[in-house]
Amino acid sequence: MAEKPHTTYLKDYVPFPFEVQQLDLEFDLEPRQTRVLARATYQRKAQVDADEPLRLHGAGQTLISVMLDGTPLTELDYRRQEGGLLLPSVPDRFELTIV
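Computed from a predicted structure; not experimentally measured.

Undergrad: I'm lost on the pattern of salt bridges in this one. Help?
TA: Between side chains of opposite charge, a pair can form as their charged atoms come close. The tally for this structure, following the rule as stated, stands at five salt bridges. In this structure, Lys 11 engages Asp 12 in a salt bridge whose closest nitrogen and oxygen atoms are separated by 3.3 Å. When its relative accessible area of 42% is taken as the criterion, Asp 12 is described as partly exposed. Residue Arg 44 pairs with Asp 92 through a salt bridge whose shortest N-O separation is 2.7 Å. Taken together, the residues Arg 44 in strand β2 (residues 34-44) and Asp 92 in the loop between β7 (84-87) and β8 (93-98) connect sequence positions 48 residues apart. The exposure class of Asp 92 is partly exposed, given its relative accessible area of 43%.

Undergrad: I would appreciate a short explanation of the packing of aromatic side chains in the present structure.
TA: Each aromatic ring pair is specified by the distance between its two centres and by the angle formed by the two planes. Counted under the stated rule, the structure contains five aromatic pairs. Between Tyr 42 and Phe 94 the ring centres are 5.3 Å apart and the planes differ by 25°, which places this aromatic pair in the stacked class. Of this pair, Tyr 42 sits in strand β2 while Phe 94 is found in strand β8, placing the two residues 52 residues apart along the sequence. For the pair formed by Tyr 42 and Phe 94, the shared burial category is buried.

The rules behind the values
Residues numbered from 1 in each chain as written. Predicted model: local features only at pLDDT ≥ 70, side-chain atom pairs only at ≥ 80, totals over all residues. Heavy atoms only, no water. Salt bridge = Lys/Arg side-chain N within 4 Å of Asp/Glu carboxyl O. Buried < 20%, exposed > 50% of the residue type's maximum accessible area, 1.4 Å probe, protein only. Helix = DSSP H or I, 4+ residues; strand = E, 2+ residues; numbered from the N terminus. Phe/Tyr/Trp six-rings, centres within 6.5 Å; stacked < 30°, edge-to-face > 60°.

This is the structure we're talking about:
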């Protein structure tokens, strides 16, 4: 059974706390699966607290690896949450690579 879509109302909307300065996507298309490598450079917005985590949406995907500034992260460095990924501690500017 398909999951019911989540509705976000304008009154509940919070702007994304980071600016995406660059985004590169690589797709490896195979008949039975598709692998996506996403490499993004983020900059924390000036008005955002330094301890604000990075929250990414991405339900229904298999997470293979996460790297922060070229360093592989372990599951102790991030949390999978329903519908996405949470990185509780990130620098003000960084490159994130997700496969």
